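# Topology and contacts: notes
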Amino acid sequence: MRDELRYGDFASAMTVNQVSISYNELTPKPILDETGTPLAYQPPKLSLTARDAYRLLEPYVSVRVIEQLKAVIPLALYLALFQLLILRTGIADGAVISGGVIAVIIGLVLFMEGLKLGLMPFGEAIGAVLPARAPLAVVMVVALLLGIGVTFAEPAIGALQAAGSLVTVEDAPYLWALLNPWSGTLVLSVGFGVGLAAVLGMLRFLYNWSLKPLIYITLVPALALLGYLLSDSELSKTIGMAWDCGAVTTGPVTVPLVLSLGIGVAATAGKGDSSLSGFGIVTLASLFPIIAVMLLVIYLGNTVSPEQLIEQARQMQPDTTGWLPWYERSPWVEALGGVRAIVPLVLFLLLVIKLLLRERVHNAGVVTYGIVLCVLGMVIFNIGLTYGLSLLGSQSGGLVPAAFATVEGVSGSPLYGFLLGLMIAGAFAWFLGYGSTLAEPALNALGLTVETLTNGAFQKKLLMNAVAFGVGCGIALGILRMVFDLPLAWLLIPSYLLAGLLTAFSSEEYVNVAWDSAGVTTGPVTVPLVLAMGLGFGSSTAATDGFGILSMASIGPILSVLAVGLVIRFRIYQQQTSEQGDEQQSAANSEAVAI
């Protein structure tokens with residue numbers, strides 16, 4: 001009988017790094033008076049020089065800064081060097097972009113630290129206590145509301161909202177409406193999808209449901225709605241954006257908070273002992289928002305005509321004098337966006353702890369400090385996103401078509417022949433996806449977990465390369481789709497049907513890993529960069545929109561990991577068959593000798 005370990009216990013143990021020292025090294029030697037009685041110890045006032053403070057903070061800060069540097073700097077350098085060396089075009093607003101990239105790094109460092117100190121203690125407390133004190137129905141309602149709240153707090157959701165300024169109402173009225181006047185409703189529908197996914201994920205934790213049936217139950221309506229949108233020429237222009245929404249919901253806020261609550265539910269019920277109980281929530285949180293957004297698109301299409309939206313856009317034209325109220329001007333709009341993303345979520349978590357759990361907030365000072373870091377980090381990240389990643393991605397994406405087509409502002413375009421230029425554009429997209437995926441810290445953590453849970457059968461390096469290969473192929477296909485102006489559904493439907501077929505032949509372990517691997521590749525750096533690049537590429541190639549690349553980047557690793565998993569299972573089967581054959585041959589030889 002194999003030993004089983006609850007995923008929550010495993011995840012906790014993997015993060016522990018202990019160093020044992022003698023207590024005598026921490027305490028001074030006792031001082032005795034004339035009678036031999038120990039005197040009360042009076043500790044001296046602690047004083048630190050600037051050098052001492054640096055030595056204390058440097059290991060702590062450097063780890064967090066280096067982690068974000070590894071995720072941001074290689075991608076920014078890759079885009080810049082490709083633009084300079086291959087496209088032979090200078091970088092416009094280089095100083096502004098450099099400042100924006102630095103702001104992104106600083107913002108992510110502050111945000112991730114604040115998330116650990118401020119928001120995660122809330123999630124862990126609720127996950128540990130709420131399931132034991134409240135009925136299951138109340139827990140499900142909290143999970144639903146939590147899913148909505150964490151969606152607004154995701155850093156990548158701002159990139160989706162910012163994309164609205166790059167869509168023209170004449171080309172895609174419904175797409176423009178969803179990203180502009182209906183942007184709040186769009187994010188709310190995405191959050192509602194994440195909330196439903198959290199509820200279903202907890203029920204799965206509670207009753208130990210297999211992930212396979214849930215995938216099929218979710219895929220069938222998703223593909224059916226996709227077919228309905230495809231039948232309408234105007235609604236079909238929203239397909240790329242709708243399926244990209246699944247990629248922006250599984251970031252550093254959603255997964256830990258929702259997962260901690262789900263594992264708490266399973267542990268309270270005594271059914272959280274599966275080593276794979278932590279998997280599956282990312283998959284559901286990716287698919288349900290897609291369905292929610294497509295339902296919103298259908299509702300919008302049945303209530304408002306394209307002509308009405310075009311007229312509404314004309315009425316919303318900005319003042320020709322250029323005057324805007326302060327709260328609509330940068331950087332105030334980014335600052336207010338950061339506050340609105342974090343503060344409501346914090347208030348909701350605080351109300352749950354105070355009103356439902358009747359608990360006090362432990363280490364209130366540290367938690368408050370973490371929340372301040374979260375808000376400050378989100379504000380700085382939003383500013384960096386506007387002036388750094390989005391600007392660089394849009395600029396690079398808009399210039400890549402110059403390799404094979406004429407692009408305004410690029411002298412001598414096309415720079416190469418059509419076939420060679422197309423290969424260069426495809427290679428650019430593939431290496432961008434491959435490199436950005438390997439730089440994601442979440443993928444490294446997933447690789448370690450999977451290697452341990454599979455007893456080394458699925459090695460970390462193999463998983464990381466399989467996921468990165470799939471993301472690279474997905475982004476390259478997304479770019480080529482825009483070049484030839486192919487409907488995104490032509491790629492999505494066969495890809496997900498193939499994923500469903502591979503899922504049927506795969507074991508539960510590899511299904512969990514493969515479908516969750518799509519979520520860890522779409523972090524707060526990759527999403528805005530790829531989204532901006534796709535929109536810039538689409539505007540230069542006269543494509544209707546630049547959406548759809550993220551959705552292809554999500555299905556790519558699912559297919560690659562499932563395929564690699566089947567190969568591993570086949571090799572294990574061959575090895576077991578060979579060993580059984582050797583044992584039978586050895587037994588036959590022993591019987592022959594005995595005779």
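Quick summary incoming for the structure in this document.

To continue, consider the overall build of the protein chain. The helix and strand inventory of the protein chain stands at 21 helices and 0 strands. Contacts in the protein chain between residues at least 24 apart in sequence constitute 84% of all its contacts with a sequence separation of at least 6. Total accessible area computed for the protein chain in this model is approximately 28,100 Å², and 64% of it derives from carbon and sulfur atoms.

Moving on: the pattern of salt bridges. Pairs can form between side chains of opposite charge whenever their charged atoms are close. Under the counting rule described, the total for this entry stands at 3 salt bridges. The salt bridge partner of glutamate 359 is arginine 133, with a shortest N-O separation of 2.7 Å. Of this pair, glutamate 359 sits in the loop between helix H13 (332–356) and helix H14 (364–399) while arginine 133 sits in helix H3 (residues 94–133), and the two are 226 residues apart along the sequence. Residues lysine 237 and glutamate 234 are paired through a salt bridge, measuring 3.5 Å at the closest nitrogen-oxygen approach. In this structure glutamate 234 comes out as partly exposed when scored by relative accessible area, which is 23%.

What follows concerns unusual backbone geometry. A cis amide bond links serine 413 to the next residue, proline 414, at an omega of 0°. In this fold, proline 414 is placed in the loop between H14 and helix H15 (418–438). With a phi close to 55°, arginine 88 is a non-glycine residue in the positive phi region. Positioned with a positive phi, arginine 358 is a non-glycine residue whose angle comes to about 55°. Positionally, arginine 358 belongs in the loop between H13 and H14. With a relative accessible area of 67%, arginine 358 lands in the exposed category.

Take the nonpolar core next. Counting 123 residues, the largest nonpolar core has Leu160, Met241, Trp243, Met294, Tyr496, Trp515 and Phe547 as its most contacted members. When sequence neighbours within four positions are dropped, the list of residues in contact with tryptophan 515 reads Ile215, Leu219, Thr283, Leu287, Tyr496, Ala499, Thr503, Ile558 and Leu562. By size, the runner-up hydrophobic cluster in this structure holds 41 residues, among which are Ala134, Val194, Ile281 and Ile371.

This paragraph deals with the side chain of serine 506. Positionally, serine 506 belongs in the loop between helix H18 (489–505) and helix H19 (508–520). Polar side-chain contacts of serine 506 include one of 2.6 Å to the backbone oxygen of leucine 502. When near neighbours in sequence (up to four residues on either side) are disregarded, serine 506 contacts Lys212, Val511, Leu562, Leu566 and Arg569.

So, about the packing of aromatic side chains. The description of two aromatic rings rests on the distance between their centres and on the angle between their planes. Applying the stated criterion to the full structure yields 11 aromatic pairs. Summarising the aromatic geometry, the rings of phenylalanine 82 and phenylalanine 428 are spaced 4.4 Å apart at their centres and angled 35° between planes, so their arrangement reads as tilted. Placement of phenylalanine 82 in helix H2 (residues 50–86) and of phenylalanine 428 in helix H15 is noted, with a sequence separation of 346 residues between them. With a relative accessible area of 11%, phenylalanine 82 lands in the buried category. Judged by centre distance (6.5 Å) and plane angle (40°), the rings of phenylalanine 404 and phenylalanine 537 are tilted. Taken together, the residues phenylalanine 404 in the loop between H14 and H15 and phenylalanine 537 in helix H20 (residues 526–540) connect sequence positions 133 residues apart. By the burial criterion, phenylalanine 404 is buried, and phenylalanine 537 matches it. Taken together, Trp430, Phe431, Tyr434 and Phe469 form an aromatic cluster joined through their ring pairs.

Residues Leu46, Leu48, Leu56, Leu57, Tyr60 and Val61 make up a contiguous nonpolar surface patch of about 620 Å² in total accessible area. Tracing the chain through its elements places tyrosine 60 in helix H2.

Our next topic: the side chain of serine 436. Looking at the element boundaries, serine 436 is found in helix H15. Judged by its relative accessible area of 3%, serine 436 falls in the buried class. A polar contact is formed between the side chain of serine 436 and the backbone oxygen of leucine 432, at a distance of 2.8 Å. In this structure the side chain of serine 436 is engaged in a polar contact, spanning 3.2 Å, whose partner is the backbone oxygen of glycine 433. Setting aside anything within four residues of it in sequence, one finds serine 436 in contact with Leu75 and Thr526.

Now for the environment of valine 297. Mapped onto the secondary structure, valine 297 falls in helix H11 (residues 281–303). You can call valine 297 buried: its relative accessible area is 0%. For valine 297, the residues in contact, after removing those within four places along its chain, are Leu178, Leu229, Leu235 and Thr238.

With that settled, consider H18. With 17 residues, H18 extends 24 Å between its outermost C-alpha atoms, agreeing within 8% with the 24 Å of an ideal straight helix rising 1.5 Å per residue. For H18, every residue scored as buried is listed here: Ala489, Leu492, Ser495, Tyr496, Ala499, Gly500, Leu502 and Thr503. All buried residues of H18 project into a common sector of 165° when viewed along the axis, lining one side. Opposite its buried face, H18 presents the exposed residues Trp490, Leu497 and Phe505, each directed more than 90 degrees away.

The rules behind the values
Residues numbered from 1 in each chain as written. Predicted model: local features only at pLDDT ≥ 70, side-chain atom pairs only at ≥ 80, totals over all residues. Heavy atoms only, no water. Helix = DSSP H or I, 4+ residues; strand = E, 2+ residues; numbered from the N terminus. Contact = heavy atoms within 4.5 Å. Areas by Shrake-Rupley, 256 points an atom, 1.4 Å probe, with all protein chains shown as cover. Salt bridge = Lys/Arg side-chain N within 4 Å of Asp/Glu carboxyl O. Buried < 20%, exposed > 50% of the residue type's maximum accessible area, 1.4 Å probe, protein only. Core = buried A, V, L, I, M, F, W, Y, C linked by side-chain atoms within 4.5 Å. Polar contact = N/O pair within 3.5 Å; in protein donor to acceptor, adjacent residues only side chain to side chain. Phe/Tyr/Trp six-rings, centres within 6.5 Å; stacked < 30°, edge-to-face > 60°. Patch = residues over 30% accessible without salt bridge, like charges linked within 9 Å, V, L, I, M, F, W, Y side chains within 5 Å. Expected span 1.5 Å × (residues − 1). Arc of directions from axis to C-beta.

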